[in-house]
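A closer look at the structure
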Amino acid sequence: MRLFDTYTRSLFELPPPPGPIRMYFCGPTVYQRIHIGNARPFVLSMWLKRWLEQSGYDVRLAENITDINDKIYLAAPGRSAELAAEASRWYVEDTDLLGLGRPDNEPKATETVPEIVDLIARLVDRGLAYPAGGDVYFRVVRFPEYGRLSGREGDHEALHNPSEEAERDELKEDPRDFALWKAHKEGEDTVWESPWGPGRPGWHIECSAMAEKFLGPVFEIHGGGNDLIFPHHENELAQSRGAGSEFARMWMHNGMLQLTGEKMSKSLGNIVPLRDAIQEWGREAILLFFMNSYWRKPIEFSDEVLEQASAQAETFRNYFVGLEHEPQEIERDALARVLDDDFNTAEALRLFHDWRARGRTDSLRWGLEVFGLGDLAEAVSAPAALVALAEKRKEARASRDFDEADRLRSEIEDQGWEVRDVADGFELVPK
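These figures come from a predicted structure and were not determined experimentally.

Looking at where glutamate 167 falls in the secondary structure, it is placed in the loop between β6 (135–138) and β7 (178–183). In this structure glutamate 167 comes out as buried when scored by relative accessible area, which is 18%. A polar contact is formed between the side chain of glutamate 167 and the side chain of lysine 172, at a distance of 2.7 Å. Those residues in contact with glutamate 167 that sit more than four places away from it in its chain are Tyr137, Lys172, Asp177, Phe178 and Ala179.

All right, on to the packing of helix α10 (residues 332–339) against helix α11 (residues 345–358) then. For any two helices packed against each other, one specifies the inter-axial angle together with the distance between the axes. Between α10 and α11, the shortest axis-to-axis distance is 8 Å and the interhelical angle comes to 155 degrees. The angle between the axes of α10 and α11 places the two elements in the roughly antiparallel class. Taken as a pair, α10 and α11 cross one another with a handedness that is right-handed. Each of Ala334, Leu335, Val338 and Leu339 in α10 lies in contact with α11, whose residues at this interface are Thr345, Glu347, Ala348, Leu351, Phe352 and Trp355. The residue inventory of the contact of α10 with α11, partitioned by class, reads 8 nonpolar, 1 polar and 1 charged.

What follows is about the packing of helix α8 (residues 283–291) against α11. At their nearest, the axes of α8 and α11 sit 8 Å apart, and the two run at 120 degrees to each other. Considering their axes alone, α8 and α11 lie oblique with respect to each other. Contacts between α8 and α11 involve Leu288, Phe290 and Met291 on the former and, on the latter, Thr345, Ala346, Ala348, Leu349 and Phe352. Looking at side-chain class alone, the contact of α8 with α11 contains 7 nonpolar, 1 polar and no charged residues.

This next bit is on the packing of aromatic side chains. Here the structure, examined in full by the defined rule, presents 18 aromatic pairs. Aromatic side chains phenylalanine 289 and phenylalanine 290 sit 5.2 Å apart centroid to centroid with 45 degrees between the ring planes, which places their arrangement in the tilted category. Note on accessibility: phenylalanine 289 and phenylalanine 290 belong to one class, buried. Feature note: the residues Trp47, Phe343, Phe352, Trp355 and Phe371 constitute an aromatic cluster, connected by ring pairs. One Lys or Arg, arginine 241, reaches over the ring of tyrosine 7 and ends 5.3 Å from the middle of that ring.

Moving on: the sheet that holds strand β3 (residues 21–25). Backbone-to-backbone hydrogen bonds join strands into a sheet, with any given pair of strands oriented parallel or antiparallel. Strands sit in the order β4-β3-β9-β10 across an open sheet of 4 strands; the sheet is parallel. Edge strands, defined here as strands with exactly one partner in the open sheet, are β4 (59–63) and β10 (247–254). Ignoring strand direction, the axes of neighbouring strands in this sheet form an average angle of 20 degrees. Alignment of β3 against β4, held across 5 bridges, turns out to be parallel. Opposite isoleucine 21, over in β4, you have valine 59 as the bridge partner. Along the sheet, helix α6 (residues 229–242) contacts β9 (218–225) and β10; its crossing angle with β10, the most-contacted strand, is approximately 175 degrees.

On to the environment of leucine 159, then. Within the secondary structure, leucine 159 is located in the loop between β6 and β7. Judged by relative accessible area, leucine 159 falls into the buried class, the value being 2%. The spacing of leucine 159 and glutamate 234 is 75 residues in sequence and 9.7 Å in space, taken between C-alpha atoms. Among all residues touching leucine 159, those that are not within four sequence positions of it are Tyr146, Gly147, Arg152, Gly154, Arg176 and Phe230.

Cut-off values and rules
- Residues numbered from 1 in each chain as written.
- Predicted model: local features only at pLDDT ≥ 70, side-chain atom pairs only at ≥ 80, totals over all residues.
- Heavy atoms only, no water.
- Helix = DSSP H or I, 4+ residues; strand = E, 2+ residues; numbered from the N terminus.
- Buried < 20%, exposed > 50% of the residue type's maximum accessible area, 1.4 Å probe, protein only.
- Polar contact = N/O pair within 3.5 Å; in protein donor to acceptor, adjacent residues only side chain to side chain.
- Contact = heavy atoms within 4.5 Å.
- Axes fitted to C-alpha atoms, helices over the stretch in contact; angles between N-to-C directions.
- Parallel < 35°, antiparallel > 145°, perpendicular 65-115°, else oblique.
- Left-handed = near helix turned anticlockwise from the far one by under 90°.
- Nonpolar A, V, L, I, M, F, W, Y, C, P; charged D, E, K, R; others polar.
- Phe/Tyr/Trp six-rings, centres within 6.5 Å; stacked < 30°, edge-to-face > 60°.
- Lys NZ or Arg CZ within 6 Å of the ring centre and 35° of its normal.
- Pairing = 2+ DSSP bridges.

Function cannot be read off these values alone, since they describe shape.
Spelled out as structure tokens, the structure:
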């Protein structure tokens, strides 16, 4: 299997099965419910894990939860720990609605502080970090490959760290340097001890420590949104390699979700909460929405696009209604050809429609299950009360009372079902 690697700007060949394949994807900073754009790296990581396991790989996926961050302090002064714990639960609840399972490890920054302190100490001992006024900063000048991941190598101005968290520039030896440890400030309701005084970790060092704790000093894949390439992932790479670890062998970055051409973000105030989108459109439509787009490209979110995804879900669901077929050989190689070539889910979806058109029922059922869409292939039985209404409608049609038949059809549709006339009676299909 080959995946596009941001670091080399080329396709990275995974080792043959069984691997192992160890993956780390950056999860959310938890201070409110996640929006549908936040869900894209989660969906990508879970789909990739499921496909690799189908392909015979031994897979371990770690996906962190950032529960120490300036954004949380600002969102809940004096109660940041309480908000972070609550929002962590929201994140798990909301992503569970997607029906894709969970990562193998979901570490939290608050649970990894000893490992973070140890990693910072290793950097200080190697001369790649320095204490200053209770903070500790990474010394970029001592890491020559800094900027290579983001393509900013050698551009001094472009490498000034635009951190999401406030940093004291007056304490830095170089504007490119970034905080590993931050001294405790008035108003922050959480604090940990360290050799440099009380405080808490900076954002970037958290992921380096969590990845090493759960995946070891080297692992195959690091993923996340492409908005994390600089400075977050650039800084992760520098910290971990500076401390002596090989760290990630390849980097995959998904494109951003856009709303009317503009990146969806909490700061812009144009977010659509994931749970609201699932409630309105259904989880299958949301998954097909993501599947329709190549993972490295931006994806446009609109009612029109979701209506199309919802129609695709119904097309697949309707195919299986009342279906009888003989067992068939699964066309696994056809799906492998598109997914093993940079995980092209849009081509996989086109293949699913081809299988549907050609009556390759077992292949289609298997393929949908790989992507968490197996519910579309399940037989659904209508409630007995609706069956009774459909029987009455059948009788009304037989007696040519078409007004009553239309009324009963509307009553059935109001309850979320469609009645279809077939040669031997009727079928009830969820709308």
